[in-house]
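Read off the chains here:
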Amino acid sequence: MTSGLEVFFDSDVIISSLISNKGAAYLLLNTTAIKPIISDLQMKELTIVAKRLKLDLNSLNSLIKKKLRVIKIKVSNEEIKKLYLEYVLDPNDAHIVAGIAAVKPSFFVSYNLRHFKIDNIRTDFKAISLTPAQLLQYLRLRRDIA
């Protein structure tokens, strides 16, 4: 059993865990084998998407409070877009890379890896980018979770 690998999550994974309690995202956020992390910049995005999808905001807030470590990004949105543009295809995803840069986690998990330049992220921040299912498979192979 690991002491908890630090994993930075894209917002889509958090939303997916709220939609279904049977998917890889839900399983990952309910294991002690990892330390799930998001940034404060994702909070507004998560609330907007949850409202649009008519998800329970209390469930979102509870998940964030009980399961996630929320880190504060101390760089302005303008600076984020300048600093992290080389890691994304869409400038609106640069705030995710700002979180990865701040934490330098073992893994970055997203359902939309194609939106990110994952080789650059691995080289510069030492974070391996995986989908939730890939991380789940990795943890099962290590016998960190059943």
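Since the model is a prediction, treat every value here as computed from it, not as a measurement.

**Student:** Could you give me a rundown of the overall build of the protein chain, with the residues and numbers involved?
**Tutor:** The secondary structure content of the protein chain amounts to eight helices and five strands. Start at the N end of the protein chain and walk to the C end: the helices and strands fall as β-α-α-β-α-α-β-α-α-β-α-β-α. Taken over the C-alpha trace, the protein chain has a radius of gyration of 14 Å; the compact-globule value for 146 residues is 15 Å, and the two agree within 12%. Along the three orthogonal principal directions, the C-alpha set of the protein chain runs to about 40 × 35 × 25 Å. The buried share of the protein chain, reckoned over its 146 residues, is 46%. Taking the intrachain contacts of the protein chain between residues at least 6 apart in sequence as the baseline, contacts between residues at least 24 apart amount to 68%.

**Student:** Now, about the pairing of strand β2 (residues 34-39): what can you tell me, with residues and values included?
**Tutor:** Each regular strand carries side chains that alternate between the two faces of the sheet. Along β2, five of the six residues are buried, which leaves the element largely enclosed by surrounding structure. Bridge count between strand β1 (residues 5-9) and β2: four bridges; the pairing is parallel. Looking at β2, one finds that V7 is bridged to P36. Relative to strand β3 (residues 69-71), β2 is paired through three bridges, and the arrangement is parallel. Each bridged residue has a counterpart across the sheet, and for S39 the counterpart in β3 is I71.

**Student:** Just give me the short version of the side chain of D12, but keep the residues and values in it.
**Tutor:** When you line up the elements, D12 lands in helix α1 (residues 11-19). Buried and without a salt bridge, D12 has R114 as its closest oppositely charged side chain, separated by 7.3 Å.

**Student:** So what's going on with the nonpolar core? Residues and values would help.
**Tutor:** The nonpolar side chains of a soluble globular protein tend to be buried with one another. Residues F9, I14, L28, L135 and L139 are the most contacted members of the largest nonpolar core, which totals 28 residues. Mapped onto this core, the elements with two or more residues apiece are β1, α1, α2 (24-29), β2, α3 (41-52), α4 (57-67), β4 (107-109) and α8 (132-141). Of the residues forming this core, the biggest block, four residues, is contributed by α2. If near-sequence neighbours (up to four positions away) are discounted, L139 is found in contact with L5, L28, A33, I34, D144 and I145.

Cut-offs and rules
- Residues numbered from 1 in each chain as written.
- Predicted model: local features only at pLDDT ≥ 70, side-chain atom pairs only at ≥ 80, totals over all residues.
- Heavy atoms only, no water.
- Helix = DSSP H or I, 4+ residues; strand = E, 2+ residues; numbered from the N terminus.
- Rg over C-alpha atoms; globule rule 2.2 N^0.38 Å.
- Buried < 20%, exposed > 50% of the residue type's maximum accessible area, 1.4 Å probe, protein only.
- Contact = heavy atoms within 4.5 Å.
- Pairing = 2+ DSSP bridges.
- Lys, Arg positive; Asp, Glu negative; His and termini not counted.
- Salt bridge = Lys/Arg side-chain N within 4 Å of Asp/Glu carboxyl O.
- Core = buried A, V, L, I, M, F, W, Y, C linked by side-chain atoms within 4.5 Å.

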